[in-house]
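# Per-entry structural report
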Amino acid sequence: IRWNWRFTAGRISNSFFASRMKNRVYILDEFQGLQRMAQEAFLKSLEEPPKNTFFIAGLILYLGEGGKKDDTRIVLANTDPEIIRFFIKWLIDFLDVNKESIRVQLHLYENMALEKEQKIWQNITGLNKSQFYKTSVRKLQKSSFTYQGSHGHGTCSVYVLSVEKKRRVSMAIKAFLDSYLSGG
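Presented here is a report on the structure given in the accompanying data block. (Residues numbered from 1 in each chain as written. Predicted model: local features only at pLDDT ≥ 70, side-chain atom pairs only at ≥ 80, totals over all residues. Heavy atoms only, no water.)

### Topic: the side chain of Gln-122
To be explicit about the condition: Under the scheme used here, helices are H or I runs from DSSP no shorter than 4 residues and strands are E runs no shorter than 2 residues, and both carry numbers assigned from the N terminus. Only protein chains enter the calculation, and the probe is 1.4 Å; a residue is then buried if its accessible area is under 20% of its type maximum, exposed if over 50%, and partly exposed in between. Contacts are assigned to residue pairs with any non-hydrogen atoms lying within 4.5 Å of each other.
Within the element layout of this structure, Gln-122 appears in helix α4 (residues 114-125). According to the relative accessible area criterion, Gln-122 is buried, its value standing at 18%. Other than its neighbours up to four places away in sequence, Gln-122 contacts Leu-127, Asn-128, Lys-129 and Phe-132.

### Here's the deal with the pattern of salt bridges
Basically, it comes down to this: Here, a salt bridge means any Lys or Arg side-chain nitrogen found within 4 Å of an Asp or Glu carboxyl oxygen.
Scanning the entire structure with this criterion turns up 6 salt bridges. Asp-70 is the salt-bridge partner of Arg-73, the closest N and O atoms lying 3.1 Å from each other. Put simply, Glu-164 and Arg-168 hold a salt bridge, and the shortest N to O gap is 3.5 Å. One end of the pair is Glu-164 and the other is Arg-168, both in helix α5 (residues 163-181) and 4 residues apart, which spans about a single turn. When salt bridges with common partners are traced through the structure, they connect Glu-164, Lys-165 and Arg-168 into a single cluster.

### As for the packing of aromatic side chains
Inclusion rule: Two rings from Phe, Tyr or Trp (for Trp, the six-membered ring) form a pair when their centres sit within 6.5 Å of each other. Planes less than 30 degrees apart are called stacked, planes more than 60 degrees apart edge-to-face, and all others tilted.
Counted according to the given criterion, the structure contains 6 aromatic pairs. Ring centres 6.0 Å apart and planes at 15° place the aromatic pair Tyr-62 and Phe-87 in the stacked group. Highlighted residues: Tyr-62 in helix α2 (residues 51-65) and Phe-87 in helix α3 (residues 81-95), separated in sequence by 25 residues. Here Tyr-62 and Phe-87 have matching classes, each one buried. Measuring from ring centre to ring centre gives 6.5 Å for Phe-176 and Tyr-180, while their planes differ by 5°; the resulting arrangement is stacked. Highlighted residues: Phe-176 and Tyr-180, both in helix α5, separated by 4 residues, approximately one helical turn. Under the relative-accessibility criterion, Phe-176 is labelled partly exposed at 27%. Members of the aromatic cluster, joined through ring pairs, are Phe-55, Tyr-62, Phe-87, Trp-90 and Phe-94.

### Looking at α5
An α-helical turn contains 3.6 residues, so a residue and the one three or four places further along point in the same direction. Quick note on the threshold: One less than the number of residues in a helix, times 1.5 Å, gives the span that helix is expected to have. The directions considered for the arc are those from the helix axis to the C-beta atoms.
Counted at 1.5 Å a residue, the expected span for α5 with its 19 residues is 27 Å, and the 27 Å between its end C-alpha atoms agrees. Of all the positions in α5, only Lys-165, Lys-166, Val-169, Ala-172 and Ile-173 are classed as buried. Mapping the buried residues of α5 onto a view down its axis gives an arc of 130°, with all of them on the same face. Those residues of α5 that are exposed and angled more than 90 degrees off the buried face are Arg-167, Met-171 and Lys-174. Against the buried residues of α5 lie α2, β4 (73-78) and α3. Directly after α5, the chain includes Gly-183, whose backbone phi takes a positive value near 90°.

### Examining the packing of α3 against α4
As a reminder of what qualifies: Convention adopted: a line fitted to C-alpha atoms gives each axis, helices being fitted over their contacting stretch, and angles between N-to-C directions are expressed from 0 to 180 degrees. Angles below 35 degrees are treated as roughly parallel, those above 145 as roughly antiparallel, those between 65 and 115 as roughly perpendicular, and all remaining angles as oblique. As a working rule, the residues Ala, Val, Leu, Ile, Met, Phe, Trp, Tyr, Cys and Pro are called nonpolar, Asp, Glu, Lys and Arg charged, and the rest polar, with Gly in that last group.
With their axes 9 Å apart at the nearest point, α3 and α4 run at an angle of 45° to one another. Considering their axes alone, α3 and α4 lie oblique with respect to each other. Only Trp-121, Ile-124 and Thr-125 of α4 make contact with α3, whose side of the interface consists of Pro-81, Ile-84, Arg-85 and Ile-88. Here the contact of α3 with α4 is composed, by residue class, of 5 nonpolar, 1 polar and 1 charged.

### Thoughts on the packing of α3 against α5
Where α3 contacts α5, the two axes come as close as 12 Å, and the packing angle between them is 95°. In terms of their interaxial angle, α3 and α5 are classed as roughly perpendicular. Note on element contacts: α5 touches α3 through Lys-165, Arg-168 and Val-169, opposite Trp-90, Phe-94 and Leu-95. Within the contact of α3 with α5, the residues separate by chemical class into 4 nonpolar, no polar and 2 charged.

In structure tokens, the structure reads:
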């Protein structure tokens, strides 16, 4: 991981290059007005965020993308492999989910190489073939969405069957929202 800092016109721009070399830019207003120690502490927090930052990120991800109808399971579906990897790691790190209890279902289109896509998702998730439910295959209709513009590997749904863990996630989201919306 390498950080490049450029100071420009009263702002600081940060280009972050990770192993996949995806560029992320942060614009920080009023940064130059901070004392040197405060600047260094702030930069360190960007490089090494506290662990609870990732817990909250997972809650917000679930709030936006996760299943809310079923009280017996945690489910999140997404086409982005990084989101799926983050979510699986989050389940293990913060909810003490046993990796072997995680299940996945793929939603693919009929013109995809189904076995190849399953192997791709096995590599992305680090899960065994036995943890994959039967793949759902859809016909691609001429007027419908095409997967070509997305990540190109269909949609991956991650499942954890646990009333207790689903309750923990729901209660944590509610507590977070209540605290934030009440000005806490």
